[in-house]
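Notes for the structure review
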Amino acid sequence: MSLPLGAVDATANPIPGTVHLVDLEGTIHALHARGGQKDIVLVPAPSSDPDDPLNWSPRRKALSTICMCVYTLMVGIASAAIYSVLEPISESTGLTLGDLNAGTGYMFLFFGWGCLVWQPLALQYGKRPVYLFSILATMAIQLWAPYTKSNGQWIANKILQGFFGAPIESLCEISVTDIYFTHERGTYIGLYALLLAGSNFLAPVFAGFIADGQGWKWVLYWCAIFCAMGFVFLFFFMEETNYIRHTPGTPLNISNSPSFIQEASSDPEKADLDEKATPSSLSEAPRATHGPKKTYLNKIALFQPADLHKPNELLAMATRPLIFLTFPVIFYAGFSYGSNLVWFNVLNATASLILGNTYNFKPSMVGLAYLSPLVGVALGSFYTGVLGDRIVVWKARRNGGILESEHRLWLFAPSMLLIPFGLILWGVGAAQHVHWFGCVFAMGVVALTNTIGIQLSVSYCIDSYRALSGEAMVTVILVRNTMSFAIGYGITPWIKGMGLQNAFITAAMVGMAQCATVWVMVVWGKRLREQSVGRYGKYVEEMAKSGMVH
């Protein structure tokens, strides 16, 4: 008996994260990519429904991606705009730099733990309403922030900003996996990393000039204006990407013959809502029956009927991310993400101190120095995204067509040298009063390694456990942001206690040691994934029964 497209032979127990990506011999009976990548197997396997996000036209996918980018940019700018104006805020409010940095530490903590609320709500009832409410709440919090006068009010403001902005941390990655296949996913997660990290470095550029011209309060008012503009754009153009998929969509059991897969009845590269006919050149199999095509009003409805009729799994989805902490690969992805991000937090927490005090930069010049991290972010996104996808396909070809999720981890190699180099140049260079360009260059290097860490850590988690990725990403963010909170809370006393030079020499050695742990996963990662097959299958089955599989 043949299985439907995307089904997995339950008796075979395939290893999660190990997929047959390249059809070297042309014998795999499954949907393939088109154009110059005809030997690439489409993973996950799409359904025959034209409203399956995997089947959307390039134009429809591009609009969805733009909406994700707009949300990331606007909420990201709001979270980082104050970094170049901490000194003026401190002088105006009487709050110390330690108080201000502690507040941003709490914000990062709740950026993570807030995902336990928003991610289940998004997967249960729809991503669109969560995105809209998140950006609207962020706008309101930015309007309140200039009126905080005490440390308690500042911390409360930052906690709420982190809680309501939490979808930026774990939901955007899942929106990417909803509409893109494995062989192209890295490029778009790289784009997300560019916007996430880039927004954090772009915001201080504008903030410094706004503070010089209009005062620091207008930095926050402009963040609110940007969020309002983003809300309007998303309201009219963001489409829901939730899709009820009862299988994980794995098109091949690499342990057995690939012949158990049927071909789909539509061409996913050309299926479009606006087209009257769906190409069927890849198969003559009968089409499944689906509902009428969505109208524009159907697309922008606040809730989709299918999401409202799913079994309620909110409690299970809120608790499973905590259980997933026991999956070594998922925990490592969170650790890798967090240990790369902490240097971004260190950079932001010390930017005003080093550039403002040591080099006497005005707020506008501190902001302008963040152009260097923007260049680093762009390079990192291109390296891990566009080049990264090509490299993993190349490695899959050399591995008999089989892609292992650890293949992408080899891209961490440059970070082994770049992390300690950037931190020493930044901290030790400032302590020794090197030319200001050295510190600005170091900012770009740290931003480059930060972007590499974001993209590769996220991709490793999703590639390893794609069917669980909606909840596994929450686990990753919990680990990452708990680490960010710790460093944000401790960075000021750490530097005051050790001094810039000793603190950053220590940071450089810790950063290099942390990066070296990637080789443990390169060597033993597959074995750890193999040991998780039983538990992975159990949770996939639970989620498939309720239509929650991604």
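A brief look at the structure comes next. (Residues numbered from 1 in each chain as written. Predicted model: local features only at pLDDT ≥ 70, side-chain atom pairs only at ≥ 80, totals over all residues. Heavy atoms only, no water.)

**Topic: helix α19 (residues 518–531)**
Here α19 spans 19 Å end to end across 14 residues, near enough to the 20 Å set by a 1.5 Å rise per residue. Maximum bend of α19: about 60 degrees, positioned at tryptophan 524. For α19, the complete set of buried residues consists of Val518, Met521, Val522, Gly525 and Arg529. (Helix = DSSP H or I, 4+ residues; strand = E, 2+ residues; numbered from the N terminus. Expected span 1.5 Å × (residues − 1). Bend = angle between axes of the 7 residues up to and from the residue. Buried < 20%, exposed > 50% of the residue type's maximum accessible area, 1.4 Å probe, protein only.)

**Description of the environment of alanine 137**
Considering the arrangement of structural elements, one finds alanine 137 in helix α5 (residues 127–144). Exposure remark for alanine 137: the relative accessible area of 12% places this residue in the buried category. Along the sequence, alanine 137 and glycine 165 sit 28 residues apart, while their C-alpha atoms lie 8.0 Å from each other.

**Notes on the packing of helix α2 (residues 86–93) against helix α3 (residues 97–113)**
The N-to-C vectors of α2 and α3 enclose an angle of 115 degrees; their axes lie 9 Å apart at closest approach. As α2 runs across α3, the sense of the crossing is right-handed. Residues Leu86, Glu87, Ile89 and Ser90 of α2 pack against Leu97, Leu100 and Asn101 of α3. Its residues assigned to classes, the contact of α2 with α3 comprises 4 nonpolar, 2 polar and 1 charged. (Axes fitted to C-alpha atoms, helices over the stretch in contact; angles between N-to-C directions. Left-handed = near helix turned anticlockwise from the far one by under 90°. Contact = heavy atoms within 4.5 Å. Nonpolar A, V, L, I, M, F, W, Y, C, P; charged D, E, K, R; others polar.)

**Overview of the pattern of salt bridges**
What the rule picks out here adds up to 13 salt bridges. A salt bridge links aspartate 463 to arginine 185, with the nearest nitrogen and oxygen atoms 3.0 Å apart. Of the two residues, aspartate 463 sits in helix α17 (residues 436–464) while arginine 185 sits in helix α8 (residues 182–214), which places them 278 residues apart along the sequence. Given a relative accessible area of 14%, aspartate 463 falls into the buried group. Across the pair aspartate 307 and lysine 310 runs a salt bridge whose closest N-O atoms are separated by 3.0 Å. (Salt bridge = Lys/Arg side-chain N within 4 Å of Asp/Glu carboxyl O.)

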